[in-house]
Number of protein chains: 2
Amino acid sequence: MKEVLKYLKANQDRFLEELYEYLRFASVSAQPQHKPDLEQCAGWLVRHCKKIGMTARLVATNGHPIVVARTPRSEHSRRPHFIVYGHYDVQPVEPLDLWISPPFEPRKKGRQIFARGSTDNKGQNFAHLKAVEAYLKTNTPLPCDLTFVLEGEEEVGSAHLDSFLKKHRRELACRAVVVSDTGIPDLDHPALTCALRGIIAFEITLFGPARDLHSGGFGGAVENPAMALARLLATVRDDHGKILIPGFYDGAQALTRLERRQSARYPLSDAHLKKMLGVTRLFGEPGYTATERRSVRPTFEINGLTSGYQGEGTKTIVPAWARAKITCRLVPGQKPDQIRKVVLRHLKKNCPDTVRMEIEAGHGADAYLVQPDSPTAQAALRALEMAFHRKPILLREGGSIPIVNQFKKCLGADSLLLGLGLPDDNAHSPNEKFDLDCFEKGQVMSAHLWQELGAL
Amino acid sequence: MKEVLKYLKANQDRFLEELYEYLRFASVSAQPQHKPDLEQCAGWLVRHCKKIGMTARLVATNGHPIVVARTPRSEHSRRPHFIVYGHYDVQPVEPLDLWISPPFEPRKKGRQIFARGSTDNKGQNFAHLKAVEAYLKTNTPLPCDLTFVLEGEEEVGSAHLDSFLKKHRRELACRAVVVSDTGIPDLDHPALTCALRGIIAFEITLFGPARDLHSGGFGGAVENPAMALARLLATVRDDHGKILIPGFYDGAQALTRLERRQSARYPLSDAHLKKMLGVTRLFGEPGYTATERRSVRPTFEINGLTSGYQGEGTKTIVPAWARAKITCRLVPGQKPDQIRKVVLRHLKKNCPDTVRMEIEAGHGADAYLVQPDSPTAQAALRALEMAFHRKPILLREGGSIPIVNQFKKCLGADSLLLGLGLPDDNAHSPNEKFDLDCFEKGQVMSAHLWQELGAL
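This structure is a prediction, so every number in the text was calculated from the model and none was measured.

Could you give an account of the overall build of chain A, with specific residues and numbers?
Within chain A, the regular secondary structure consists of 15 helices and 18 strands. Oriented by its inertia axes, the alpha-carbon framework of chain A measures out at about 85 × 50 × 45 Å. A total of 456 residues make up chain A; the buried ones form 52% of that total. When contacts within chain A are restricted to residue pairs at least 6 apart in sequence, those whose partners lie at least 24 apart make up 80%.

Right, dumping it as structure tokens:
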């Protein structure tokens, strides 16, 4: 291991130049004009993986290709197999005028590298590649077999990952999947994300009159669908932030003492959070801290409202319809289908007969939870501590990462979410950046991780 | 009078040709490219008024000109003076593809004349001009002095009518203003509109976080402004349609027995209204009929809702803000300032401290009421009955006509609202039409009206 760490230390300047090369590809998966950039980026990755001593190939899909790179397998030893998942596609860069420097011309300022894709996700998956390079170039025996799966469609929903996983199920059978595509609160708090929230999405539209009506001529004699919608949505929550839908919290597991302690260690004070979000005060379900409310508790959020006239000034109408887009976050123990059922039952029951409700169901995803006391999780925590020299925390994140469920479903494997992003990295936003300390410590963490996982 | 009525009867074909000429001007006041059309239309009107024996002139304003036409005044007799108000500007024609024939090429089908501006308002004010022509061309003494005020900005808010009225206050001093710019339920129910609702308009915006937040990362820990708005709006009304704002109904005069009887005579059944509006059922304030709810009772209407994401699919955000556009209709006895005060007080009191509310006040207008037993109203009712051979009804309309308040304020004169439109005339919509029976009966009504008003 000494050689590995020495190699990493000695080659940071070159690694950075290589990362710049990787970042220069405008691999925006959402925009068709960037298809050649994605192909070139994937080709570059394959060549790069080969150069550092792996076997690598492109797997074509109906969308952008997937890069599959394998560490050299030994004929006689049976080493545990792990997948490292990442993605080489990036978010669109618009609005361009908010960028201080061009998004695909990496710029270094202090310890920060500014470029689209730097933190999400090229910098993070490149850290793992560099750790593997260090093993291979120093002829240090890797205690595990690794397969990198670097896809090009994460930012557009990973539509072809499922069929890829199914088709290559045998090759990809593994003990766990390592994913560095989340974040840590700061460099003093390295973290293993052990839970994600699930989600259900839907929209409801209340239809009233056949067309917008003159509010002078007809107002007062017919239901106003916007008012009906407001009154319907108001039945969902009480003054204090508790959701009143019967059965909404069903299945949500109570927090263990360990989890409450872990959540209390999250180093973001309420005052800081309030300032960061720009709200007059924090607000949410009684009995939980802000950290818990946004990570381990189910929520009901209105994402959008649309009805009637939205332009300048006044238009005196009773709108023909009113719509709300809604997503609910779910937590481990809750099933999307079951929660969707109780939510829609409540809305139907409380919808007045003066309007007709249409419901359009959107996507759903299960919540995710790995037991933090599992051997792989414990191995990950040790690797984090060795790299960051700080006691790592257990994070439960409020968002949903659907690919984690895909790995569980297709391969039966849990994911180790070892994010290297920082809260101010501007993922998906202008001036995205990646911290060089995260990059370097990430490489070291990865190098230790294979030791720890290989020893299980 | 015999000669007058004979003249009207004998000249209908020519009148129709002249009306076609009038309708061919694309006098769309809202669209700058039609400025020449408005000028040509106004010039044509001046020439036409002169041709039928009136003195006429254009009065320039900072917008489109106003046509002022006067019947010949007598030196020695002192006859009562009345203003006939109308407008020569029309609504835009878009969407053009919904028109069966070009909007400025009048088309006759049965007893209907299809053209933009036919019912609103060229056909209606032309009927009055033709009645005056009949008096002047038959040398029948007109029992009153008349001044026609035909403006070119009614469809864009009559911005320059006020200063015109003030500047020409002496010339325009009159006993009453005759306005044919409303409607009747059908030809069997000629009507005098004796009341209009007032209005207050405003919009409220609730601001939450400084920007849209990721609902996974932060949902649950902050107020959702769209939910806060829904809950706030829900405090305004009960299940049955009653507005719960303290003081909201203050000042609203109770209906007299006469008014309830008149409203019951309105020949539109609930079943017909329900079908016409395409609602699942009628709905409104308990204790009132649908006709009363939409004409004589105050209302609180949400005209539009805007918040967060409104596009296709899902965007998982807690929106930064949510907005509602609102208008309240007021009834005679209610003051816009007072009702605005109680409404805003209620909203402020019920707005949670988790969001910041901004209120933008829009326009306000008083309700309007002429006593139906006044001598001028009784004269109008007699003229209606003589022309339509049906007992006229008293209408209270739910809409607001701001110019009526301007006449009251500037000239101290009440308006006699003697509409000639039918409910299916498509005013402001594609395929606007005017009924030839309304046109002819309107001329006869106007001819009788000057007799009845002159005899007061």
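Read on, since the account is not over.
Please provide a residue-by-residue account of the packing of helix α2 (residues 12-23) of chain B against helix α4 (residues 118-137) of chain B, values included.
All names here are of chain B. Running from N to C, α2 and α4 point in directions that differ by 135°, and their axes come no closer than 11 Å. The orientation of α2 with respect to α4, classified from their angle, is oblique. The way α2 lies across α4 gives a crossing that is right-handed. Of the residues in α4, those touching α2 at F15, L19, Y22 and L23 are S118, K122, G123, F126 and K130. For the contact of α2 with α4, the class distribution of residues is 5 nonpolar, 2 polar and 2 charged.

Residues and numbers for the interface of chain B and chain A, please.
Contacts between chain B and chain A engage 68 residues on the former and 69 residues on the latter. Looking at the side of chain B that touches chain A, the elements with two or more residues in it are β10 (213-214), α7 (215-218), α8 (225-234), α11 (290-293), β11 (299-308), β12 (317-318), β13 (321-330) and β14 (356-365) of chain B. Considering every element that reaches the side of chain B that touches chain A, the biggest residue donor is β11 of chain B, with 9 residues. Per-class residue counts for the side of chain B that touches chain A are 25 nonpolar, 28 polar and 15 charged. The pairing of strand β11 (residues 299-308) of chain A with β11 of chain B spans 5 bridges and is antiparallel. Across the sheet, S307 of chain A pairs through a bridge with L305 of chain B, a residue of β11 of chain B.

Go over the pairing of strand β2 (residues 66-70) of chain A with me, naming the residues and quoting the values.
All names here are of chain A. Most of β2 is tucked away, with 4 of its 5 residues classed as buried. Two strands pair when backbone bridges link them, and strand β1 (residues 55-59) and β2 are joined in this way by 5 bridges, in the antiparallel orientation. Paired with A56 across the bridge in β2 is A69. Connecting β1 to the next strand, β2, in antiparallel fashion are 6 residues.

Go over the confidence of the model for chain A with me, naming the residues and quoting the values.
Regions with low pLDDT carry predicted coordinates that are not meant to be interpreted in detail. Averaged over every residue, the pLDDT of chain A is 94; residues scoring 70 or more account for 100%. Here the prediction assigns the complex a pTM of 0.86, and the interface score ipTM is 0.87.

Please provide a residue-by-residue account of the packing of helix α1 (residues 2-10) of chain A against helix α15 (residues 436-454) of chain A, values included.
Residues and elements named next belong to chain A. For the pair α1 and α15, interaxial distance at closest approach is 11 Å and the crossing angle is 160°. With respect to each other, α1 and α15 are oriented roughly antiparallel. With respect to the hand of their crossing, α1 and α15 are arranged in right-handed fashion. Listed contacts from α15 to V4, L5 and L8 of α1 are Q443, V444 and A447.

Describe the nonpolar core, naming the residues involved and giving the relevant values.
The nonpolar side chains of soluble globular proteins are, as a tendency, buried together. V178, L192 and L233 of chain A together with V178, L192 and L233 of chain B are the most contacted members of the largest nonpolar core, which has 244 residues in total. Look past the residues within four positions of L233 of chain A in its chain and what remains in contact with it is I302 and A324 of chain A together with M227 and A230 of chain B. The next biggest cluster of nonpolar side chains, apart from the first, holds 11 residues, and it includes L213, A221 and V222 of chain A together with L282 of chain B.

Give a detailed account of the sheet that holds strand β5 (residues 112-114) of chain B, specifying residues and quantitative values.
Residue and element names in this part refer to chain B. Read across the open sheet, the 3 strands follow the order β4-β5-β18; overall the sheet is antiparallel. Edge positions in the sheet fall to β4 (107-109) and β18 (433-435), since each of these pairs with one other strand and no more. Put simply, the sheet's adjacent strands are angled 25° from each other on average, direction ignored. Examined bridge by bridge, β5 and β18 share 3 bridges and lie antiparallel to one another. Pairing of I113 across the sheet is with F434, part of β18. Across the sheet, α4 lies against β5 and β18, angled at about 40° from β18, the strand it touches most. Most of the contacts of helix α15 (residues 436-454) go to β18, to which it runs at about 55°, and overall it touches β5 and β18.

Provide a residue-level description of helix α12 (residues 336-350) of chain B, including the pertinent values.
Residues and elements named next belong to chain B. The terminal C-alpha atoms of α12 lie 21 Å apart, and with 15 residues this matches the ideal 21 Å at 1.5 Å per residue to within 8%. Within the span of α12, buried status applies to I339, V343 and L347. Down the axis of α12, the smallest arc covering the buried residues is 65°, so these residues share one side. Seen from the open side of α12, the exposed residues pointing more than 90 degrees away from its buried face are D337, K348 and K349.

Describe in detail the sheet that holds strand β9 (residues 198-207) of chain B, supporting the description with residues and values.
Reading across from one edge, β14(A)-β9(A)-β13(A)-β11(A)-β11(B)-β13(B)-β9(B)-β14(B) is the order of the 8 strands in this open sheet, with antiparallel pairing throughout. Edge positions in the sheet fall to β14 (356-365) of chain A together with β14 of chain B, since each has one partner strand and no second. Sheet twist, expressed as the average angle between the axes of neighbouring strands with direction ignored, equals 20°. Here 10 bridges tie strand β9 (residues 198-207) of chain A to strand β13 (residues 321-330) of chain A, and the two strands are oriented antiparallel to one another. Its bridge partner being in β13 of chain A, A201 of chain A is matched across the sheet by T327 of chain A. Contacts between helix α12 (residues 336-350) of chain A and the sheet are confined to β9, β13 and β14 of chain A, with β14 of chain A contributing the most and set at about 165° to the helix.

Now, about the relation of the copies chain B and chain A: what can you tell me, with residues and values included?
Overlay of chain B on chain A (RMSD 0.1 Å): rotation 180°, translation along the axis 0.1 Å. These values place the two chain copies in the arrangement generated by a two-fold rotation axis. Residue A230 of chain B, judged by its C-alpha, is the member of chain B lying nearest the rotation axis, at 2.0 Å. Of the residues that chain B buries at the interface, 100% are likewise interface residues in chain A, meaning the two copies contact each other through the same surface.

Can you lay out the domain arrangement of chain A for me, pointing to particular residues and giving the numbers?
Residues and elements named next belong to chain A. Domain parsing of chain A yields domain 1 (2-196 + 368-454) and domain 2 (198-252 + 298-365). With centres defined by C-alpha atoms, the gap from domain 1 to domain 2 works out at 39 Å. Contacts between the two partners involve 6 residues from domain 1 and, on the opposite side, 5 residues from domain 2. Taken together, the residues of the side of domain 1 that touches domain 2 sort by class into 3 nonpolar, 3 polar and no charged.

Just give me the short version of the environment of L384 of chain A, but keep the residues and values in it.
All names here are of chain A. Topologically, L384 is positioned in helix α13 (residues 375-388). L384 sits in the buried class, given 26 other C-beta atoms within 10 Å. Note: C-alpha distance between L384 and L418 (34 residues apart in sequence) is 8.4 Å. Setting aside its immediate chain neighbours within four residues, L384 contacts P190, L192, P392 and M445.

Account for the pairing of β9 of chain A, naming residues and giving values.
Residues and elements named next belong to chain A. Of all 10 residues making up β9, 7 are buried, and the element is well covered by its neighbours. Bridge analysis of β9 against β14 gives 8 bridges, and the strand direction is antiparallel. Counted as the bridge partner of T205 is E358 from β14.

So what's going on with unusual backbone geometry? Residues and values would help.
Residue and element names in this part refer to chain B. Of note, the bond from E94 into P95 is cis; its omega dihedral lies within 30 degrees of zero at 0°. Residue placement: P95 occurs in the loop between β3 (81-87) and β4. D120 connects to N121 through a cis peptide bond whose omega is 15°. Here N121 shows up in helix α4. Here N139, not a glycine, exhibits a phi torsion of approximately 55°, which is positive. Tracing the backbone through its elements, the reader meets N139 in the loop between α4 and β6 (145-151). The exposure class assigned to N139 is exposed, which follows from the 8 C-beta atoms found within 10 Å. Notably, S158 is not glycine yet its phi reads approximately 50°, a positive angle.

So what about the environment of G198 of chain B? Which residues, and what values?
Note on placement: G198 of chain B falls in strand β9. With near-sequence residues (within four places) excluded, G198 of chain B lies in contact with L330, Q334, P336, A365, D366, A367 and S400 of chain B.

Can you lay out the environment of M1 of chain A for me, pointing to particular residues and giving the numbers?
In this fold, M1 of chain A is placed in the segment before α1. In sequence terms M1 of chain A and R79 of chain A are 78 residues apart; their C-alpha atoms lie 18 Å from each other.

Thresholds, definitions, all that
- Residues numbered from 1 in each chain as written.
- Chains lettered and ligands numbered in written order.
- Predicted model: local features only at pLDDT ≥ 70, side-chain atom pairs only at ≥ 80, totals over all residues.
- Helix = DSSP H or I, 4+ residues; strand = E, 2+ residues; numbered from the N terminus.
- Buried ≥ 20, exposed ≤ 12 C-beta atoms within 10 Å, placed from the backbone.
- Contact = placed C-beta atoms within 7 Å.
- Axes fitted to C-alpha atoms, helices over the stretch in contact; angles between N-to-C directions.
- Parallel < 35°, antiparallel > 145°, perpendicular 65-115°, else oblique.
- Left-handed = near helix turned anticlockwise from the far one by under 90°.
- Nonpolar A, V, L, I, M, F, W, Y, C, P; charged D, E, K, R; others polar.
- Pairing = 2+ DSSP bridges.
- pLDDT = per-residue confidence, 0-100.
- Core = buried A, V, L, I, M, F, W, Y, C linked by C-beta atoms within 7 Å.
- Expected span 1.5 Å × (residues − 1).
- Arc of directions from axis to C-beta.
- Least-squares fit on C-alpha atoms with pLDDT ≥ 70 in both.
- Domains from an automatic or database assignment.

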